[in-house]
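A closer look at the structure
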Amino acid sequence: MSKGPIEIIKNKENKGIYYYYVSTLRYGLYEFFIGIDPKKNRLLFFDKTNFDTPIGIITFVGVDNLVEINGIHKGISNMVAVQAYKAIMENEYPE
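An account of the accompanying structure is given in this report. (Residues numbered from 1 in each chain as written. Predicted model: local features only at pLDDT ≥ 70, side-chain atom pairs only at ≥ 80, totals over all residues. Heavy atoms only, no water.)

Position of T24 among the secondary structure elements: in strand β2 (residues 17-24). With relative accessibility at 4%, the residue T24 sits in the buried group. A polar contact is formed between the side chain of T24 and the backbone oxygen of P5, at a distance of 2.8 Å. (Helix = DSSP H or I, 4+ residues; strand = E, 2+ residues; numbered from the N terminus. Buried < 20%, exposed > 50% of the residue type's maximum accessible area, 1.4 Å probe, protein only. Polar contact = N/O pair within 3.5 Å; in protein donor to acceptor, adjacent residues only side chain to side chain.)

Structural data, given as structure tokens:
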């Protein structure tokens, strides 16, 4: 199992949601998009740049919020969720 990096690159910001492209070779090749929605305290996962229909949503409320995202290894989605949660808590959305 590779312990390679997870690359997160800002795509755009629209209506207060920060969209990023995510890629990694960890656990195989994964490429997907996320939207960090600080107003609703959640992370949206997308399989392509059509940001109308998420393939999964993690809401940062309570303790056990991490869920399976169809098509994305749970280890990767959890690591991305931790980074998104930090961005929301620090109110900093990197370029």
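Take the pattern of salt bridges next. Overall, the coordinates contain two salt bridges when judged by the stated rule. The partner of R42 in a salt bridge is D37, and the shortest N-O contact between them spans 3.2 Å. The exposure classification of R42 matches that of D37, with both residues buried. Across the salt bridge formed by D47 and K48, the nearest N and O atoms sit 3.9 Å from each other. By relative accessible area, which is 46% here, D47 ends up partly exposed. (Salt bridge = Lys/Arg side-chain N within 4 Å of Asp/Glu carboxyl O.)

All right, on to the nonpolar core then. F32, I34, I36, L43 and F45 are the most contacted members of the largest nonpolar core, which has 20 residues in total. Those elements that provide at least two residues to this core are β2, β3 (30-37), β4 (42-46) and α1 (74-90). Here this core gets six residues from one element, more than from any other, and that element is α1. Those residues within four positions of L43 in sequence are excluded, and the remaining contacts are I34, G35, I36, G56, I57, I58, F60, V80, A81 and A84. Core analysis: the next-biggest nonpolar cluster, separate from the first, contains six residues, I17, Y19, L44 and F51 among them. (Core = buried A, V, L, I, M, F, W, Y, C linked by side-chain atoms within 4.5 Å. Contact = heavy atoms within 4.5 Å.)

The values reported here are purely geometric and, on their own, carry no functional implication.
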